[in-house]
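One letter stands for each residue in the lines below.
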Amino acid sequence: MAETIFDVAIIGGGPAGYTAAIRGAEYGLKIALIEKSDKLGGTCLHVGCIPTKALLFNAEIWDHMKHAADFGIEGMGTPTLNWAAVQKRKDGIVTKHTKGLEFLMRKHKITTIEGYGRLTGPAKDGVHTVEVYSEGGGGAAGESSQVKAKNLILATGSQAKMLPGLEADSRILTNIEILALKEVPKSLVIIGAGAVGMEFASIFRTFGSEVTVLEFLPRVVPVEDEEISKELTRLFKKRGIDVNTGAKVEKVEKTKSGVKVSYTDANGSAQVKEAEKVLVAVGRAPLTDNINLEKTKIELERGFIKVDEAQQTAEPGIFAIGDIVAGLPQLAHVGAMSGMVAVAKIAGRAFRPVRRDRIPGCTYTEPQIGSVGLTEAQAREKGHEVKVGKFPFAGNSKATIVGSHDGFVKIVSDAKYGEILGVHIIGPQATELVAEAVAVMELEGTVEEMMFTIHAHPTLAESLLDAYGAVEGMAINA
C-alpha cells in the first residue's frame, strides 16, 4: 500500500466511516477504509441499531398476535414464541446488509483494509501515514503495513460503558451479550433508562420477562422533554415494567441462579432485586485510546475529540466523525452526516455543519419516541417566550385504526415569530413522523405555515397538523 497515496484514509468502518467513504468516492476522491473487524458496519449494524430494531419489530408483531381476536382473526390457538427463529431472522437481516456494504465498496472502488489503524504523527510533505496492524489490536504481536493519504478521518466509534468492577459475561450483559441470548430470560434488571435500556425493557417485557429498570437520574429517557419521560414511565408501568428513577446502584453480585442488584431508591432506602440477568446500559465510551492521538495536536474533552464545524481536528488534515466527537450525540445518523460533512470539506464542496438542534432522536420502544430541537424547558432557559401545542393520538383516526392511540405530539414554538423550536412525539410510528419536523425546522418553518400545510387523511401524520393548530388553541380533532 505504501506506494499508493490516497486522497482520504478512514479509520473505522461503522456508519460514520462507510458513509464518508461512499460520499468521498462519489466526489471522485480515492478512498481507503481501514476496519479492525472482518466485517463493515460497526456497532450499529452488528450489535446495535439494526439487530435491536429487528427484535423490536418481532415484539410488535407478537403483540398484535396476542390481540388477533380484536382484529377479527380467530382460530389460531395460543401463539408460541420460537426464540431461535426470532434470532435467525435478526441475524439474517444483519448478514444481508453486511453483504450490501461489501457490494457498495466494490461499486465505488473503495479500497478496504482489514486491520487496526494507528496514527504516526503529523503529515510529512502533505502526506499522513497510518500504521495498520493485521492483528493484536495494534500491539507488538501484529504485523503492520502503512497506508498513506493526504487526509485522515477518524471514525473509531464507541463501546458500552461497564460499571466499575464488573465484566460482561453470560449473566452481566451489555448490548452485545443481550443480543445473543439463547432464550428469553424469565427476569431481567436493566441499569440505565436511556434509549438502549428502555428499548430492551420494551422487547423483553413483550416476550414475557419480568423487567425492572433502575435509573440514577430523576426520570427515564432524560434527554427527552419532561412530558415525554412522564408518559413513557406511565405506559411502561401499565405494561407491568417496574420503573425506578433516582435509583443508585451500589453492588451487582452473582448468585447461584442469576444476579442480585443492591441499590438505594429515591427515598434513600436500601433495596435488593434478584433476576436471571442484568443489562448494563449506562452509556457508551469513545474509542480514542491506543490510536496514538498523543502524537498529534488533536485535543480531547473527556476522551472525545474536539472538532470545528467541518469536523476538522486541531491537527491539520485530520478529521473526526461519529461517536468520538465531543458535543454530538452518539447516534448512527449523526455519524453518517458528520462523515458527509468531512468529505465535502476535503473535496472542496459545499456543506452544512451538523446542528445539534436539528438532530432527530428516536427511541423504538412501544410506544415509540421521536423528537427534534429544544425541549420546553430548554426553550425557556434560552429566553424564548414559549407557546406550546399538544395533541393526543386518541383524537387521531388512523391511530385508532392501527390500535395504538397512547401518547401525543407536542410542539414547542416561539410566541413572537411562530418559529418551531422543538417537536416531541410519543406514540405510533413516532420515529417516522419526526422526519417531517426535522425538515420543517431545517427550513425554518413557522406554526402558521404548517397549519396551512395539507396532511393526508387518515394518517398518523395528521396528528402533527392538529398539534400545530393546538399551539394557537385551534386543533380540529381535540
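Residues numbered from 1 in each chain as written. Predicted model: local features only at pLDDT ≥ 70, side-chain atom pairs only at ≥ 80, totals over all residues. Heavy atoms only, no water.

S.K.: Please explain the sheet that holds strand β12 (residues 248-254) as it appears in this structure.
M.R.: Strand pairing in a sheet is mediated by backbone hydrogen bonds. Such pairs are either parallel or antiparallel. The three strands are arranged β12-β13-β14 in an open sheet whose pairing can be described as antiparallel. Lying at the two open borders of the sheet, with one neighbouring strand each, are β12 and β14 (270-275). Between one strand axis and the next, the sheet turns by 20° as a mean value, whatever way the strands run. With six bridges joining them, strand β13 (residues 259-264) and β14 adopt antiparallel strand pairing. Looking across to β14, one finds that Thr264 is bridged to Ala270. (Pairing = 2+ DSSP bridges. Helix = DSSP H or I, 4+ residues; strand = E, 2+ residues; numbered from the N terminus. Axes fitted to C-alpha atoms, helices over the stretch in contact; angles between N-to-C directions.)

S.K.: Where do I start with the packing of aromatic side chains in this structure?
M.R.: Any aromatic ring pair is given by two values, namely how distant the centres are and how the planes are angled relative to each other. A complete count under the given rule lists three aromatic pairs for this structure. Consider the rings of Trp83 and Phe207, whose centres lie 5.6 Å apart with planes at 75°: the pair is edge-to-face. Residue Trp83 is found in helix α4 (residues 83-107), and its partner Phe207 is found in the loop between α6 (195-206) and β10 (210-215); the two are separated by 124 residues along the sequence. For the pair Trp83 and Phe207, one class covers both residues: buried. Consider the rings of Phe200 and Phe204, whose centres lie 6.4 Å apart with planes at 20°: the pair is stacked. (Phe/Tyr/Trp six-rings, centres within 6.5 Å; stacked < 30°, edge-to-face > 60°. Buried < 20%, exposed > 50% of the residue type's maximum accessible area, 1.4 Å probe, protein only.)

S.K.: I tried to follow the sheet that holds strand β9 (residues 187-191) on my own but got confused; where do I start?
M.R.: Strand order in this open sheet of five strands is β8-β15-β9-β10-β11, and the pairing throughout is parallel. Sheet topology places β8 (172-173) and β11 (242-245) at the edges, where each strand pairs with a single neighbour. Two elements, β10 and β11, share four bridges in a ladder whose sense is parallel. Within β11, the residue paired with Leu214 across the bridge is Asn244.

S.K.: Looking at this structure, how should I read the state of the cysteines?
M.R.: In protein structure, a disulfide is the covalent linkage between the sulfur atoms of two cysteines. Within this structure, the stated rule accounts for one disulfide. Two residues, Cys44 and Cys49, share a disulfide whose sulfurs are 2.4 Å apart. Taking the sign of the S-S torsion, about -135° here, the bridge from Cys44 to Cys49 comes out left-handed. On the basis of relative accessible area, Cys44 is assigned to the buried category, the value being 12%. (Disulfide = S-S within 2.5 Å.)

S.K.: How should I be thinking about the pattern of salt bridges in this particular structure?
M.R.: Two side chains carrying opposite charge are able to pair once their charged atoms lie near each other. Tallied over the full model, the rule gives 19 salt bridges. Taking the shortest distance from any N to any O, the salt bridge between Lys410 and Asp225 comes out at 2.9 Å. Here Lys410, found in strand β23 (residues 408-414), pairs with Asp225, found in the loop between β10 and α7 (226-238); they are 185 residues apart in sequence, far enough to count as distant. Residue Lys410 shares its accessibility class with Asp225, and that shared class is buried. (Salt bridge = Lys/Arg side-chain N within 4 Å of Asp/Glu carboxyl O.)

S.K.: Sorry, what's going on with α6 here?
M.R.: Think of an α-helix as turning once every 3.6 residues; residues three or four places apart then point the same way. In this model α6 runs 17 Å from its N-terminal to its C-terminal C-alpha over 12 residues, within 8% of the 16 Å that 1.5 Å per residue would give. Buried residues of α6: Gly197, Met198, Glu199, Phe200, Ala201, Ser202, Ile203, Phe204 and Thr206, and no others. One or two residues past the end of α6 sits Gly208, with phi positive at roughly 105°. (Expected span 1.5 Å × (residues − 1).)

S.K.: Can you help me understand the nonpolar core in this one?
M.R.: For soluble globular proteins, the rule of thumb is that nonpolar side chains tend to be buried together. Core analysis: the largest hydrophobic core is formed by 33 residues, its most contacted members being Ile178, Met198, Phe200, Phe204, Leu232 and Leu279. The set of elements that each furnish at least two residues to this core consists of α3 (49-66), α4, β9, α6, β10 and α7. (Core = buried A, V, L, I, M, F, W, Y, C linked by side-chain atoms within 4.5 Å.)

S.K.: I keep staring at unusual backbone geometry and nothing clicks. Help me out?
M.R.: Trans is the common state for peptide bonds, and a negative phi is the common state for residues other than glycine. Between Glu366 and the following residue, Pro367, the backbone shows a cis peptide bond with an omega angle of 5°. Mapped onto the fold, Pro367 is located in the loop between β20 (361-363) and β21 (368-373). For the peptide bond that leads from His457 to Pro458, omega is -5°, which places it in the cis range. For Pro458, the position within the fold is in the loop between α12 (447-451) and α13 (462-471). For Lys109, which is not a glycine, the phi torsion comes out positive at approximately 55°. In this structure, Asn290 takes a positive phi of about 65° despite not being glycine.

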